[in-house]
Amino acid sequence: NFCNNKNRSPNSQKLIFPQKLQFNKLEIKLLSDIEDELNSIGFSFNIEEENIEIKSIPSCCINSNLQEIFDEILSDNEIESEDINLKIEKKVHLSLSKTICIKKGDKLVSQEMKSLVEKLIKCKTSSVCPNGFPTYFNLEKKEIEKRFKK
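Below is a short write-up of the structure. (Residues numbered from 1 in each chain as written. Predicted model: local features only at pLDDT ≥ 70, side-chain atom pairs only at ≥ 80, totals over all residues. Heavy atoms only, no water.)

### Remarks on the pairing of strand β2 (residues 44–47)
Stage number 1. The pairing of β2 with strand β3 (residues 51–58) spans four bridges and is antiparallel. In the strand pairing of β3, I47 is matched with I52.
Stage number 2. Where β2 folds back onto β3 in an antiparallel hairpin, the turn is made up of three residues. (Pairing = 2+ DSSP bridges. Helix = DSSP H or I, 4+ residues; strand = E, 2+ residues; numbered from the N terminus.)

### Things to note about helix α1 (residues 25–33)
Side chains of residues three or four places apart in an α-helix project in the same direction, reflecting 3.6 residues per turn.
Stage number 1. Within α1, the full set of buried residues consists of I28, L30 and L31. Projected onto a plane normal to the axis of α1, the buried residues spread over an arc of 160 degrees and lie on a single side. Facing away from the buried surface of α1 by more than 90 degrees, the exposed residues are K25 and L26.
Stage number 2. Looking at where α1 begins, the residue whose side-chain oxygen comes 3.0 Å from the main-chain nitrogen of L26 is N24. (Buried < 20%, exposed > 50% of the residue type's maximum accessible area, 1.4 Å probe, protein only. Arc of directions from axis to C-beta. Polar contact = N/O pair within 3.5 Å; in protein donor to acceptor, adjacent residues only side chain to side chain.)

Here you go:
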């Protein structure tokens with residue numbers, strides 16, 4: 001949960017088998033530049049010449065494609081020197097949220113749905129997703145009846 005993660009230590013899961021991801025030299029340099037920020041949210045990795053060896057990940061990333069996560073983090077090179085930590089933090093959180101989100105068609109049990117709504121309500125911007133799309137909308141009774149042709 002990255003909604004209000006400012007003053008808490010990251011909830012990280014150590015990998016039994018470290019995972020190696022391959023990158024070009026420019027990407028390795030960028031990862032090196034943002035390593036502290038990635039560490040602060042739960043990633044732990046060693047940087048090598050053309051790859052990184054991931055030792056631990058944020059617990060919310062379990063069962064996620066780590067290559068996708070890192071590719072998404074690296075895909076936007078709009079990191080400016082001013083407020084670099086804030087920009088990196090936003091970029092990492094946005095990338096993670098896109099990668100580990102519940103996808104269209106994923107099946108949820110009632111308790112998962114309830115928990116999801118409770119967590120959504122606690123977020124600062126609960127009315128829109130990280131991409132700016134609405135997370136919910138109100139339907140009038142007439143609209144529901146119209147859609148179900150009552």
